[in-house]
Amino acid sequence: MPPTSADPAALNTLNTTTAPTQPRGIRPRFGAAIYDPFLALGERRGMRERRRRLLREARGRVLEIGAGTGLNLAHYPDTLDELLLSEPFDPMARRLESRLRRSGIRGSVVRAGAEALPVATGSIDTVVSTMVLCTVPDPEAALDEIRRVLRPDGRLLFCEHVRSDSNRRSRWQERLAGPWKAFADGCRCNQETLGMIERTLRIDRLERAEWRGMPGLVRPLIVGEARVHRPSPT
């Protein structure tokens, strides 16, 4: 079966919230065009291997949020039941579709934001989020959606850059958060993403790392796995 651009109606849609308005003009297309070159050094200095180690744990029906240009595609196991790639911005989604076709991987692209996923409740085994939650307009709503779509034994595999534990670096993140957000299309370098994940899901595995080859503001990383909270037995 060839890769496709998914029809949301075919995904057993339950969440019908309107997707956020997309930016128009040259800037989104330019951002999509330079995305891979901007990350290239970081990929060579460890991020590519980090993606490979994280994504080899993906199982079953997999949903990647904010799949961007498809840098994760080469690292998914070939044993997945299904691969859904969500990307809300058209310039990115077109590049993602092109890379998916070239890869020969069986998958579908869904034009949807992480806050309103056109996927049935409890239907996903693995959600993947890599360098996404920093730019999602409402990351807490996105995490609520992740919890909604995951099966009771499903899990989130994440790799996100976060606010630094170092007082010195976190002060620089605060000072430069505004300029960086404008430069990096909404990326929040000072976001406390770990706390957001912990409030929504149960973290089973956590590693702290450095995104080598990237500006210091976005170097602190968290990498790991989280699951839906199970109610305590009574």
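Please refer to the structure higher up on the page.
Everything numeric here is computed off the predicted structure, so don't read it as measured data.

Draft legend 1. Structural context of unusual backbone geometry. The backbone phi angle of M131 is positive, close to 55°, even though this residue is not glycine. Its location among the elements puts M131 in the loop between β5 (124-130) and α3 (139-149). For M131, a relative accessible area of 10% gives the class buried. We note that D185 has phi near 55°; this positive angle belongs to a residue other than glycine. One can find D185 in the loop between α5 (177-183) and α6 (193-200).

Draft legend 2. Main features of the packing of α3 against α6. For the pair α3 and α6, the least separation of the axes is 10 Å and the interaxial angle reads 35°. The two elements α3 and α6 meet at a crossing, and its hand is right-handed. Contact with α3, carried on its side by P139, E140, L143, D144 and R147, involves M196, I197, R199 and T200 of α6 and no other residues of that element. Taken together, the residues that form the contact of α3 with α6 break down as four nonpolar, one polar and four charged.

Draft legend 3. Structural context of the nonpolar core. Counting residues in each nonpolar core, the largest one holds 33 residues, and the members touching the most others are V62, Y76, L83, L85, W211 and V218. If you list the elements that add at least two residues to this core, you get α1 (26-55), β3 (82-86), α2 (90-103), β6 (150-161), α5 and β8 (220-227). If one sorts the elements of this core by residue count, α1 sits on top with four residues. With sequence-adjacent residues up to four places away left out, Y76 is seen in contact with L55, A58, V62, E64, L83 and V128.

Draft legend 4. Fine view of the packing of aromatic side chains. This model, assessed by the stated rule, comprises two aromatic pairs. Between F38 and F183, the ring centres sit 6.0 Å apart and the planes meet at 65°, which makes this aromatic pair edge-to-face. Of this pair, F38 sits in helix α1 while F183 is found in helix α5, placing the two residues 145 residues apart along the sequence. With a relative accessible area of 37%, F38 lands in the partly exposed category. The exposure class assigned to F183 is exposed, which follows from its relative accessible area of 54%.

Draft legend 5. Seen up close, the pattern of salt bridges. All told, the structure shown has 21 salt bridges when counted by the stated rule. The salt bridge partner of R53 is E49, with a shortest N-O separation of 3.9 Å. In this pair, R53 and E49 are both assigned in helix α1, four residues apart and thus about one turn of the helix distant. Judged by its relative accessible area of 33%, R53 is partly exposed. Look at E49 and you get partly exposed, because its relative accessible area is 32%. With its nearest N and O atoms 3.1 Å apart, the salt bridge here joins R169 to E210. In this pair, R169 sits in helix α4 (residues 167-175) while E210 sits in strand β7 (residues 202-210), placing the two residues 41 residues apart along the sequence. You can call R169 partly exposed: its relative accessible area is 26%. Salt bridges linked by common partners bring R155, R202, D204, E225 and R227 together as one network.

Draft legend 6. Looking closely at the pairing of β3. Most of β3 sits inside the fold, with four of its five residues counted as buried. Here strand β2 (residues 61-64) pairs with β3 via four bridges, running parallel. Note that in β3 the partner of E64 across the bridge is L85. Pairing geometry for β3 and strand β4 (residues 108-110), over three bridges, is parallel. When the sheet's bridge partners are listed, L85 is paired in β4 with V109. Where the polypeptide runs from β3 across α2 and back to β4, its parallel neighbour, the crossover connection is right-handed.

Rules used in this analysis
Residues numbered from 1 in each chain as written. Predicted model: local features only at pLDDT ≥ 70, side-chain atom pairs only at ≥ 80, totals over all residues. Heavy atoms only, no water. Helix = DSSP H or I, 4+ residues; strand = E, 2+ residues; numbered from the N terminus. Buried < 20%, exposed > 50% of the residue type's maximum accessible area, 1.4 Å probe, protein only. Axes fitted to C-alpha atoms, helices over the stretch in contact; angles between N-to-C directions. Left-handed = near helix turned anticlockwise from the far one by under 90°. Contact = heavy atoms within 4.5 Å. Nonpolar A, V, L, I, M, F, W, Y, C, P; charged D, E, K, R; others polar. Core = buried A, V, L, I, M, F, W, Y, C linked by side-chain atoms within 4.5 Å. Phe/Tyr/Trp six-rings, centres within 6.5 Å; stacked < 30°, edge-to-face > 60°. Salt bridge = Lys/Arg side-chain N within 4 Å of Asp/Glu carboxyl O. Pairing = 2+ DSSP bridges. Right-handed = clockwise from strand over helix to strand, strands pointing away.

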